[in-house]
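Structural characterization, general
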Amino acid sequence: RTVLILNGPNLNLLGTRQPEIYGSETLSDVASRCADLAAQLGLEARFEQSNHEGVLVDLIQDARDGADAIIINPAAYSHTSVAILDALNMFDGPVLEVHISNIHKRETFRHHSFVSGRADGVIAGFGTEGYLLALRRAASLLGAAE
Ligand code: DQA
C-alpha cells in the first residue's frame, strides 16, 4: 500500500521558516522519519512538496492510480484552494489533513480549511509529529500491518 504525503507552499523551507511556529526540523527530516515509520507499518510513503497549486492538483489526480491514501499539508492553500478540494474529491481513498501549527489558535483567516470538507481526519498543532500520527491512522484505515 502506498501513501502519498503531500506538502504545499513554503514547507520546503521548514526548519528555517518561522521556527518559533513550525519548529527546527527540516522537511527532509520529516520525510525520513515518515519513511522509517511507513516501513515499520508495512506501507510505502511517497513524499512530495510543491509551491504551485496546479502541481499539487496534478499530483492528487495522479494519486488516483498511484496511491491508496493521501496525507496532505496544503499549507496556505488550505485556506484558499477550491481546486485542491475538487481534486481530492475525485480521490477514493482516505485523506488525512495535517497542519504543523494549531491553525485555530492563529489568525482568523487560518481557521477555515477547504480541504477539511473532504478530509477523513484533521491533525493540527502536533508539530511535525502530526505526519507520523497521520501515517498510523492511514495504516489502520488501509488495514495494513500493526
Ligand atoms: C500550515 C498552516 C497554514 O496556515 C500555513 O499557511 C502553512 C502551514 C501548518 O502546517 O501549520 O503554510 O499548514
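Residues numbered from 1 in each chain as written. Predicted model: local features only at pLDDT ≥ 70, side-chain atom pairs only at ≥ 80, totals over all residues.

Put simply, the test is: UniProt positions are given in the numbering used here, feature names are shortened, and annotations may be inferred rather than shown by experiment.
Looking at an unreviewed UniProt entry, one finds the protein chain named 3-dehydroquinate dehydratase and attributed to Oceanomicrobium pacificus. Under Function (unreviewed entry), UniProt gives the following word-for-word description of the protein chain: "Catalyzes a trans-dehydration via an enolate intermediate." Under the UniProt heading Subunit (unreviewed entry), the note attached to the protein chain is "Homododecamer."

1. With respect to the overall build of the protein chain
Let me state the cut-off plainly: Helix and strand definitions follow DSSP, with helices as H or I runs of at least four residues and strands as E runs of at least two, each counted in order from the N terminus. Each radius of gyration reported is based on C-alpha atoms, and the globular scaling rule is 2.2 Å times the count of residues to the power 0.38.
A count of helical and extended segments in the protein chain gives five helices and five strands. Each helix and strand of the protein chain, placed in order from N terminus to C terminus, yields the pattern β-α-α-β-α-β-α-β-β-α. A compact globule built from 146 residues should have a C-alpha radius of gyration of about 15 Å, and the protein chain, at 14 Å, falls within 12% of that. Projected onto its principal axes, the C-alpha positions of the protein chain cover 40 × 30 × 25 Å.

2. Section: the UniProt feature "binding site: substrate" (unreviewed entry) in the protein chain
Here is the rule we go by: Residues are scored as being in contact if the C-beta atoms we place from backbone atoms lie within 7 Å.
When the UniProt feature table is mapped onto this chain, "binding site: substrate" (unreviewed entry) is found at Asn73, His79, Asp86, Ile100, Ser101 and Arg110. Across 38 residues of sequence, these annotated residues are also dispersed in space, with a maximum C-alpha separation of 24.3 Å. As for its placement among the helices and strands, Ile100 is situated in the loop between strand E4 (95-99) and strand E5 (121-124). If we ignore the near neighbours within four places in the chain, the residues touching Ile100 are Tyr22, Gly23, Gly127, Thr128 and Gly130. Its location among the elements puts Arg110 in the loop between E4 and E5. With near-sequence residues (within four places) excluded, Arg110 lies in contact with His79 and Ile103.

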